[in-house]
Protein chains: 2
Amino acid sequence: MSRKPRIRSGSGVTMHDVARAAGVSAITVSRVLNQPQQVSPQLREKVMQAVDALAYVPSRSARTLASARSRTVLVLIPSLDNTVFLDTLAGIESVLDAAGYQMLIGNSHYDSEQELQLLRAYLQHQPDGVLLTGLTHAAPFEDILRRRALPAVYMMDLADDGRCCVGFSQENAGAAITRHLLESGKRRIGFLGAQLDERVLKRLDGYRAALEEAGCRDAGLEWLDPSPSSMRMGAAMLEAALAARPDCDALFCCNDDLAIGALARCQQLGIAVPERLAIAGFNDLQPAAWCTPSLTTVATPRRAIGSHAARQLLRLIAGEAPEAAQTDLGFQLMLRRSS
Amino acid sequence: MSRKPRIRSGSGVTMHDVARAAGVSAITVSRVLNQPQQVSPQLREKVMQAVDALAYVPSRSARTLASARSRTVLVLIPSLDNTVFLDTLAGIESVLDAAGYQMLIGNSHYDSEQELQLLRAYLQHQPDGVLLTGLTHAAPFEDILRRRALPAVYMMDLADDGRCCVGFSQENAGAAITRHLLESGKRRIGFLGAQLDERVLKRLDGYRAALEEAGCRDAGLEWLDPSPSSMRMGAAMLEAALAARPDCDALFCCNDDLAIGALARCQQLGIAVPERLAIAGFNDLQPAAWCTPSLTTVATPRRAIGSHAARQLLRLIAGEAPEAAQTDLGFQLMLRRSS
DNA sequence: GTATTTCATGTTAGCGCTAACATTGCGGGT
DNA sequence: ACCCGCAATGTTAGCGCTAACATGAAATAC
């Protein structure tokens, strides 16, 4: 009694089929595809012809299973609704793609518990490394990384605790834009914050430090809301802020979405920007340069963070040391009409 | 002579370890994880305890290899720089995630040749299905899908050739917004187009049809540029258009980026919008409602397209018929101040 | 001229999981 | 008492690939 044959996966052409067609053994085909320099040119040629003729596609799962290397990297980001992370992904993709690595994208929705679930789920793919957004993660998270000796690179911020970080100082950036507002003569500078993820809170810290330094700190000028940021929310927060504190003469918004919404509402209400109220945003998204008046903001090297982090991770995966534990890619003030 | 042991992948805990710890056979563990109703509650309980105790994570590659099902879906999009596709991805993710499927994202950079390469590369993962953007793809592309009997759903547009499509009529949408401009009294309506992917060209067809219908078609009012669209480009195209045809009294921009750039430049040049020149965009991105003046545009159901397409694909993968060959999710004119 | 190294290729034995079939035990019909 | 059917669990044999070792031939050394 012969059993039912199993369903063949994929196109059904296996490495052995190619080997037979080329008159060699399977391992030779494997080597032609993975370490071509180990195979003589003639055989290499013959094998490649067979590969093309049969339209052979190697099976990634078989390879992962046999070699214990998946050539896959897990990327965990907090949101898919934010251009910031898109740009970062684009940078990551460009590097991984070129290295033959694939990326698995997990969206944690700004929730560290969900992030932990994602890590657990994606571990099934045996990723060779992980790219993370931000420095703070659920407690078991780092445990898992350690226990599995999974290389990880942290993006967007800096830390000097030995973890490999690629980003810039959120705190310094927040302080720098606040100082710019101070220098332009404003004294009652408010802060609009939404989402309140760790990066926003660090920008807030920077804002506070700069005001402290200038003796202008006023806790009544901070408006914080944990719900997701949007232009609509920026408009609403602006109204609430001015209603509560009509003396406020400048606003640092924790990101451009809020700032653009606030700016638009000022236009509608006839509030002169920047004379009566200066406004600054964060990230330098595309509309910042094109709204009316154009928005002063902080340009962040998102794409570079992604590509650099990916390169560092590939080094770690290969067992090399990273170029540096932390890489500070800086930020740039974009001074425009709104301040 | 005993060989060197192989490097264990992942944490090294396998299904057999769990089976031993629970005092059952490996297949029982497999069933507890995949078809729990086939296992008695007591055993199920015992196995789950062992799974937790050992922090067992099943190997996706082993499962894929043994079962010839990867529970992975390939998503091919033309760009990672465009919010439109992000929103679509978010919709897809929500459905696939809930169904235990993982998505692989390929970015074709608006290039059908590169799209074909991506398909070839990602076939190594033996995806169970493919989600595609648009209807036109490189010739060998559809061949590969057919030869492998890979279920596919086409997003963003409609076709009545039997392919499973989820989207809306780009052409009708282009015609509808053009008719709105006609109804508001404009007669020399221009078209600004960038990127010139198939969707832009269909919107252009709709625009032409509507003008033809009204007897207002004027080929000298079309400005097309194949480079990627951006606000900067919208501003530049606006200037070029008005220089060439100062009599132009309305502009339909193929997307909101162009429109917002054009709008901003009008503000700078003191051109009255909509009196002297009406402007309409496409997609209803967030800034459209918040720029000055607010932008008339076409709202597109991007997230719904993603989630609906993912649901259809899951049906196809399960061997069921799709609810309908095409699903028209429509569009909505957002009439605002710029027209 | 033999010992030693190198290089190119092959053989074998899994990687961790699940499909297919096999076995066991139990309740119910007659 | 017997047989049947069904439910719960087990055994076996791969899925397609590559690590490790083996082999044989050519190149090099002394």
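Sequence positions are assigned chain by chain, starting from 1 and proceeding in written order. Naming scheme: in the order in which they are written, chains are lettered from A and ligands are numbered from 1. A pLDDT threshold of at least 70 governs which residues receive local features in this predicted model, and a stricter bar of 80 or more applies before side-chain atom pairs are shown or counted, although totals over entire chains, interfaces and linings include all residues. Calculation of side-chain values draws on the structure's entire complement of heavy atoms; hydrogens and water are dropped beforehand.

(A) Molecular detail of the protein's contact with DNA strand D. Near is defined per residue: the residue qualifies when any heavy atom it owns lies within 4 Å of the molecule or strand. Looking at DNA strand D, there are 30 residues lining it, with Met15(A), Ser30(A), Asn34(A), Tyr56(A) and Thr28(B) nearest. By atom count, sugar and phosphate contribute 57% of the portion of DNA strand D lying within 4 Å of the protein. The contact in question runs from a base nitrogen of DNA strand D to an N or O atom on the backbone of Ala62(A), over 3.4 Å. For DNA strand D, a phosphate oxygen lies 2.8 Å from a polar atom in the backbone of Ser40(B). A run of H or I in DSSP counts as a helix once it spans at least four residues, and a run of E counts as a strand once it spans at least two, with each numbered from the N terminus. Contributions of two or more residues to the surface near DNA strand D are made by α1 (15–22), α2 (26–34) and α4 (60–67) of chain A together with α2 (26–34) and α4 (60–67) of chain B. Per-element tally for the surface near DNA strand D: the top contributor is α4(A), with 5 residues. When residues are grouped by polarity, Ala, Val, Leu, Ile, Met, Phe, Trp, Tyr, Cys and Pro land in nonpolar, Asp, Glu, Lys and Arg in charged, and all others, Gly among them, in polar. Residues of the surface near DNA strand D, tallied by class, amount to 13 nonpolar, 9 polar and 8 charged. Here a polar contact is taken to be a pair of N or O atoms separated by no more than 3.5 Å, where protein atoms must pair a possible hydrogen donor with a possible acceptor and residues adjacent in sequence count only if both atoms sit in side chains.

(B) Representation of the domain arrangement of chain A within the structure. Under the domain assignment used here, chain A contains domain 1 (15–58), domain 2 (71–168 + 303–330) and domain 3 (170–299). Domain start and stop positions are those given by an automatic or database domain assignment. With centres defined by C-alpha atoms, the gap from domain 1 of chain A to domain 3 of chain A works out at 61 Å.

(C) Expanded view of helix α7 (residues 139–147) of chain A. All names here are of chain A. Only protein chains enter the accessibility calculation, which uses a 1.4 Å probe; a residue is then buried when its area is under 20% of its type maximum, exposed when over 50%, and partly exposed in between. Listed as buried for α7 are Phe 141, Glu 142, Ile 144 and Leu 145. Down the axis of α7, the buried set is contained in an arc of 155°. They therefore lie on one face. Away from its buried face, by an angle of more than 90 degrees, α7 presents the exposed residues Ala 139, Arg 146 and Arg 147. Among the structural elements, β1 (72–77), α6 (112–123), β3 (129–133) and β4 (152–156) are those in contact with the buried residues of α7. Immediately beyond the C-terminal end of α7, within one or two residues, lies Ala 149, with a positive phi of roughly 55°. Along the arc lie the directions from the helix axis toward the C-beta atoms. Throughout, a residue-residue contact means that at least one pair of heavy atoms, one from each residue, lies within 4.5 Å.

(D) Representation of the interface of chain A and chain B within the structure. Contact residues are listed per partner, giving 50 residues for chain A and 50 residues for chain B. Regarding the contact of chain A and chain B, the summed buried area is about 4600 Å², with carbon and sulfur atoms giving 58% of it. In short, buried area is how much 1.4 Å probe accessible area vanishes from two parts on joining, totalled over both. Among the residues chain A hides against chain B, the three largest losses belong to Leu80(A), Gln124(A) and Trp290(A). Together they make up 16% of the total. Here chain A is connected to chain B by 10 residue pairs in polar contact (both at pLDDT 80 or more). Of all elements in the fold, only α4, α5 (83–98), β2 (102–107), α6, α10 (231–244) and α11 (256–269) of chain A reach the threshold of two or more residues within the side of chain A that touches chain B.

(E) Just the side chain of Glu222(B), in detail. All names here are of chain B. Along the polypeptide, Glu 222 turns up in strand β7 (residues 222–225). Owing to a relative accessible area of 15%, Glu 222 belongs among the buried residues under this scheme. Within polar-contact distance, the side chain of Glu 222 engages the side chain of Arg 208 at 2.7 Å. With residues up to four places along the chain from it excluded, the contact list for Glu 222 reads Phe 191, Leu 204, Tyr 207, Arg 208 and Arg 217.

(F) Representation of the pattern of salt bridges in the model. All names here are of chain A. Here a salt bridge means any side-chain nitrogen of Lys or Arg lying within 4 Å of a carboxyl oxygen belonging to Asp or Glu. Counting across every chain of the model gives 36 salt bridges over all chains. The shortest N-O distance in the salt bridge between Asp 87 and Arg 302 comes to 2.9 Å. Placement of Asp 87 in helix α5 and of Arg 302 in helix α12 (residues 302–317) is noted, with a sequence separation of 215 residues between them. By relative accessible area, which is 10% here, Arg 302 ends up buried.

(G) Local environment of the packing of α5(A) against α12(A). Residue and element names in this part refer to chain A. As a packed pair, α5 and α12 sit with axes 7 Å apart at the nearest point and diverge in direction by 40°. If you check the angle between α5 and α12, you find them oblique. Remark: the crossing between α5 and α12 carries right-handed chirality. Touching Val 84, Asp 87, Thr 88, Ala 90, Gly 91, Ile 92, Ser 94, Val 95 and Leu 96 of α5 are Arg 302, Arg 303, Gly 306, Ser 307, Ala 310, Arg 311 and Leu 314, all from α12. Class assignment for the residues of the contact of α5 with α12 results in 7 nonpolar, 5 polar and 4 charged. Interaxial angle, 0 to 180 degrees, is taken between N-to-C directions of lines fitted to C-alpha atoms, where a helix line uses only the stretch in contact. By the definition adopted for this analysis, an angle is roughly parallel if under 35 degrees, roughly antiparallel if over 145, roughly perpendicular if from 65 to 115, and oblique otherwise. Crossing handedness is defined as follows: a turn of the near helix away from the far one that is anticlockwise and smaller than a right angle gives a left-handed crossing, while the clockwise case is right-handed.

(H) The environment of Asp257(A), seen in detail. Examined against the element boundaries, Asp257(A) turns out to sit in helix α11. You can call Asp257(A) buried: its relative accessible area is 15%. With 28 residues separating them along the chain, Asp257(A) and Leu285(A) place their C-alpha atoms 8.5 Å apart. If sequence neighbours within four positions are ignored, Asp257(A) has contacts with Ser229(A), Ser230(A), Met231(A), Leu285(A) and Gln286(B).

(I) Summary view of the pairing of strand β3 (residues 129–133) of chain B. Residues and elements named next belong to chain B. With 5 of 5 residues buried, β3 lies mostly within the body of the structure. At least two bridges found by DSSP between two strands is the condition for calling them paired. As judged from the 4 bridges shared by strand β1 (residues 72–77) and β3, these two strands associate in the parallel manner. Note on β3: the bridge partner recorded for Val 75 is Leu 131. Strand direction decides the pairing type here: β3 and strand β4 (residues 152–156), joined by 4 bridges, are parallel. Within β4, the position partnered with Val 130 by the bridge is Ala 152. Handedness rule for crossovers: strands pointing away from the viewer, path from the first strand over the helix to the second running clockwise, crossover right-handed. Following the backbone out of β3, through helix α7 (residues 139–147) and into the adjacent parallel β4, one traces a crossover that is right-handed.

(J) Structural view of the state of the cysteines. Disulfides are defined as cysteine sulfur pairs within 2.5 Å. Overall, the coordinates contain 0 disulfides over all chains when judged by the stated rule. The closest cysteine sulfur to the non-disulfide-bonded Cys253(B) is located on Cys254(B), 7.5 Å from its own sulfur.

(K) Molecular detail of the sheet that holds β7(B). Residue and element names in this part refer to chain B. If you trace the 4 strands from one edge of the open sheet to the other, you get β7-β6-β8-β9, paired in parallel fashion. Here the strands that pair on one side only, and so sit at the sheet edges, are β7 and β9 (278–280). When strand polarity is set aside, the average angle formed by the axes of neighbouring strands in this sheet is 15°. Note that strand β6 (residues 189–194) and β7 share 4 bridges and pair parallel. Paired with Ala 194 across the two strands is Asp 225, which belongs to β7. Each of β6, β8 (250–253) and β9 touches helix α8 (residues 170–183); the most contacted strand, β8, lies at about 165° to it. Along the sheet, helix α11 (residues 256–269) makes contact with β6, β8 and β9, crossing β9 at roughly 155°.

(L) Region of interest: the sheet that holds strand β9 (residues 278–280) of chain A. All names here are of chain A. Spatially, 4 strands are ordered β7-β6-β8-β9 in an open sheet, and the strand pairing comes out parallel. Single-partner strands in this sheet number two, and they are β7 (222–225) and β9. The sheet shows a mean angle of 15° between the axes of neighbouring strands, taken without regard to direction. Seen against the sheet, helix α8 (residues 170–183) touches β6 (189–194), β8 (250–253) and β9 and runs at an angle of roughly 165° to β8.

(M) Quick look at the relation of the copies chain A and chain B. Here the copies were fitted onto each other by least squares, based on C-alpha atoms from residues at pLDDT of at least 70 in both. Overlay of chain A on chain B (RMSD 0.0 Å): rotation 180°, translation along the axis 0.0 Å. Such values leave the two copies arranged in the relation of a two-fold axis. For chain A, the residue whose C-alpha comes nearest the rotation axis is Ser61(A), separated from it by 2.1 Å. Most of the interface of chain A is mirrored in chain B: 100% of its interface residues are interface residues there too.

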